[in-house]
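One-letter residues, chain by chain:
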Amino acid sequence: MIDDIYNRRILELAADIPRLGRLAKPDASATAHSKLCGSTVTVDLAMKGDAVTDFAHDVKACALGQASSSIMARHVVGATAGELRALRDTVRRMLKENGPPPDGRWADIAVLEPVRDYKARHASTLLTFDAVVDAIGRIEAARTAAAAE
């Protein structure tokens, strides 16, 4: 198992996570936690319209959670809410339903494909994706509430 899922590229990504920390004034924050392994990822998002304009995260996770967070941080700025929701769904299908990895700017996620064979590692790998989608939902809910006032 160690050689399959903790390969050199995953360890490189885990060792070099961009955008660590917290935003001073995020539009929303969200935390995702894996009860199984204890990993936690907290993300801060800023959005203008439908696009992410700034991102930071606090990652207290295993190497897989760190690697997926590293990939997220490298590509999230400029991504749209719809793109990020679709990404989360694609990664979930990749791990749980033997689906293909994402392509385009998210093609690096293919490095996490071997995790599909280790169900106990799915939750930690998905943390960053779940937290980002949660934060987007919070931003959209706040905007809807503000518009209704």
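Please refer to the structure higher up on the page.
**Considerations on helix 4 (residues 81-96)**
For helix 4, spanning 16 residues, the distance from its first C-alpha to its last is 23 Å, which sits close to the expected 22 Å at 1.5 Å a residue. The complete set of buried residues in helix 4 reads Ala81, Leu84, Leu87, Arg88, Thr90, Val91, Met94 and Leu95. Those residues of helix 4 that are buried are in contact with strand 2 (40-48), strand 3 (51-60), helix 3 (63-75) and helix 5 (122-148). One or two residues past the end of helix 4 sits Asn98, with phi positive at roughly 60°.

**As for the packing of helix 2 (residues 8-15) against helix 3**
The geometry of helix 2 relative to helix 3 is characterised by a closest axis approach of 7 Å and an angle of 70° between their N-to-C directions. On the basis of the axis angle, helix 2 is roughly perpendicular to helix 3. Taken as a pair, helix 2 and helix 3 cross one another with a handedness that is left-handed. Here Ile10, Leu11, Leu13 and Ala14 of helix 2 come into contact with helix 3, specifically with Ala63, Leu64, Gln66, Ala67, Ser70, Ile71 and Arg74. A class-by-class count of the residues in the contact of helix 2 with helix 3 yields 8 nonpolar, 2 polar and 1 charged.

**Details of helix 5**
Compared with the 39 Å implied by 1.5 Å per residue over 27 residues, the 38 Å span of helix 5 between its first and last C-alpha is a close match. Taking the largest bend as the criterion, helix 5 deviates by roughly 40°, centred on Thr128.

**Focus: unusual backbone geometry**
One non-glycine residue, Arg19, lies in positive phi territory at about 65°. Tracing the backbone through its elements, the reader meets Arg19 in the loop between helix 2 and strand 1 (28-33). For Arg19, a relative accessible area of 36% puts it in the partly exposed group.

**Remarks on the nonpolar core**
As a rule of thumb, nonpolar side chains are buried together in soluble globular proteins. Judged by nonpolar contacts, the single largest core of 43 residues is most densely connected at Met72, Leu84, Trp106, Ile109 and Leu112. Contributing elements (two or more residues each) for this core: helix 2, strand 1, strand 2, strand 3, helix 3, helix 4 and helix 5. Ranked by residue count, the leading element in this core is helix 5, at 8 residues. Apart from residues lying up to four places away in sequence, Ile109 is in contact with Ile71, Leu87, Val91, Met94, Pro102 and Phe129.

About the criteria used
- Residues numbered from 1 in each chain as written.
- Predicted model: local features only at pLDDT ≥ 70, side-chain atom pairs only at ≥ 80, totals over all residues.
- Heavy atoms only, no water.
- Helix = DSSP H or I, 4+ residues; strand = E, 2+ residues; numbered from the N terminus.
- Expected span 1.5 Å × (residues − 1).
- Buried < 20%, exposed > 50% of the residue type's maximum accessible area, 1.4 Å probe, protein only.
- Contact = heavy atoms within 4.5 Å.
- Axes fitted to C-alpha atoms, helices over the stretch in contact; angles between N-to-C directions.
- Parallel < 35°, antiparallel > 145°, perpendicular 65-115°, else oblique.
- Left-handed = near helix turned anticlockwise from the far one by under 90°.
- Nonpolar A, V, L, I, M, F, W, Y, C, P; charged D, E, K, R; others polar.
- Bend = angle between axes of the 7 residues up to and from the residue.
- Core = buried A, V, L, I, M, F, W, Y, C linked by side-chain atoms within 4.5 Å.

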